[in-house]
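Fold and geometry: a report
Next come the chains, spelled out residue by residue.
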Amino acid sequence: MSHATTGTEPTQPPPEDDTAFFGQPRGLMTLSGLEVWERFSFLGMQAILVLFFADKVSNGGMGMDPGTAASVSAAYGTLVYLVSVAGGWLADRILGSYRAVLYGGILIACGHYSMAVPTDTMTWVGLGLISAGTGLLKPNVASMVGKLYGTEDERRDAGFALYYMGINIGAFAGPLVTGWLGDHASWHWGFSAAAFGMTLGLIQYVAGRRHLAGRKHAAEYALAPGPMRRAVLTIVAGAVVVALVAAALTLAGWLTMDRFVDVLTVISVIAPVVYFVVMFRSPRVTAEERGRLRPYVVLFLASVVFNFILFQAYSTMILLASTNARTEIFGFHFPASWYASALGAFEVALAPVVATVWARMGPRQPHASNKIAIGVILGGLSFLLMVLPTSGHADDTYKMAAWWIAGSYLLLGLGDILVETSGMSATTKLAPKAFASQTMALWFLSLALANGIQSQIVKLYGEVSNPAYFGVNGAIAVVAGLAVIAAAPWLKRTMHPVH
């Protein structure tokens, strides 16, 4: 690698870094370490968020009914990933990936500290800051992982699997800590732990910055000084106007929580459609790159279906566990939110196995589209499994064994590894050069759309029977996965250089 410099600091890692982390670039350890703590804070908070919303006011909660609690929690996820579009654009045109990730982490930490304050106002302020920060951090840190590898580097999928293992170490540990604090102290002590975790992540990210590839002080496709000043002023003014309009509509009684959720759902549908149209029509996208975007639409929709199921691990599944699952194993009692840690634990255990299998298979491994399709099917099966323990009960007072939810999370965890690692890896390969960070943001828009759809569908939770709810949603996911497998011949032809 070259060692071009900006000032006195090199912008590329030293050559000895290339295989320093289990045969992977040393920068992968820095970025995975950041994600450990970011996921610790984000998913640790999310594991207790729906329970906090649904808990009685007298217990320190917000007193929402379960369907509304799940819907608002999903709407928060929608907002997080919608903002990722702006995060990708800011990295490409103004900040650069390194600074976008740094500033995003700072906003996330401030958001969690805000949520530690036990007032409703600070809860909403904190969720807003976390949404903005995650939108800056998530698409750009994944793009930075992609920059550690050449396009034809067969270590890429294995590297993303290790990166995803780091994510799930945080996903496993976060709910354990926040859930215990929420159950034994208060919900806001749980939010405090999330703030501490994000702070640690920021410290190790800055300390390991010399190992990151493509790190620059300026954006890769920076705007000229004049347009940049106008863009910054427009962004600031737009944010102020939106805040003022939202405040006025809220005070007038028009912008209720239900309407806000509906607005986010509509935006989550419109945003990816507009974004695909812009990229397909952009003169900076070559005909070859445009051809690779077409199969990417299929991967995008597969991601939507899978993540619609996945995100309910932190909403309807947690609510189901809190009311209808036993919270003890071998005599040990645990908070219901600890079920969320099972998902992270399975992914921590399975990610290195998947990475090893792909590395050993090399060019013989399944095509990326088939990996994603299998993941979607596993997600559907995780919901279909829940039909069995929720069926045949005369009332809603039954308690299923913990192993049912653990088994569902096992299927979901393996599916998540296949979908997210292959999807993110394929995205970095299929991305048009002029939209590198923004195309990764487009992948996260699939998560926004999944949450947007979820925020509407979960309103049915508790209104229809549990077997019908989980059975229908699971069956739809299985059919979607089979459809992607059926499209595999066309996908293989059109997704070059993705194998």
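Note that this is a predicted model, so its numbers are computed, not measured.

Right, let's get into the confidence of the model for the protein chain. For the protein chain, per-residue confidence averages 86 on the pLDDT scale, and 92% of positions sit at 70 or higher. Looking at the elements of the protein chain, mean pLDDT is at its lowest for strand β1 (residues 5-6), recorded as 42, and at its highest for helix α16 (residues 466-486), recorded as 96.

In the contact formed by helix α5 (residues 156-184) and helix α14 (residues 402-430), the axes pass within 9 Å of each other and the chain directions differ by 125 degrees. Taken together, α5 and α14 sit at an angle that is classed as oblique. For the pair α5 and α14, the crossing hand works out as right-handed. Only Asp416, Glu420, Thr421, Met424, Ser425, Thr428 and Lys429 of α14 make contact with α5, whose side of the interface consists of Arg156, Asp157, Phe160, Ala161, Tyr163 and Tyr164.

With that settled, consider the side chain of aspartate 416. Assignment of secondary structure puts aspartate 416 in helix α14. Notably, aspartate 416 is buried but unbridged: the nearest opposite-charge side chain belongs to arginine 39, and the N-O separation is 8.5 Å. Among residues more than four places away in sequence, those in contact with aspartate 416 are Tyr164, Phe306, Leu310, Glu347 and Thr421.

On to the packing of aromatic side chains, then. Two aromatic rings are characterised by how far apart their centres lie and by the angle between their planes. Tallied over the full model, the rule gives 17 aromatic pairs. With centroids separated by 5.3 Å and ring planes inclined at 75 degrees, the aromatic side chains of phenylalanine 334 and tyrosine 339 adopt a geometry described as edge-to-face. Using a relative accessible area of 11% as the deciding quantity, one classes phenylalanine 334 as buried. For tyrosine 339, a relative accessible area of 4% gives the class buried. Among the aromatic side chains, those forming a connected cluster through ring pairs are Phe52, Phe53, Trp124 and Phe191. The positively charged end of lysine 371 is found above the aromatic ring belonging to tryptophan 358, 4.2 Å away from the centroid.

What counts and how
- Residues numbered from 1 in each chain as written.
- Predicted model: local features only at pLDDT ≥ 70, side-chain atom pairs only at ≥ 80, totals over all residues.
- Heavy atoms only, no water.
- pLDDT = per-residue confidence, 0-100.
- Helix = DSSP H or I, 4+ residues; strand = E, 2+ residues; numbered from the N terminus.
- Axes fitted to C-alpha atoms, helices over the stretch in contact; angles between N-to-C directions.
- Parallel < 35°, antiparallel > 145°, perpendicular 65-115°, else oblique.
- Left-handed = near helix turned anticlockwise from the far one by under 90°.
- Contact = heavy atoms within 4.5 Å.
- Buried < 20%, exposed > 50% of the residue type's maximum accessible area, 1.4 Å probe, protein only.
- Lys, Arg positive; Asp, Glu negative; His and termini not counted.
- Salt bridge = Lys/Arg side-chain N within 4 Å of Asp/Glu carboxyl O.
- Phe/Tyr/Trp six-rings, centres within 6.5 Å; stacked < 30°, edge-to-face > 60°.
- Lys NZ or Arg CZ within 6 Å of the ring centre and 35° of its normal.

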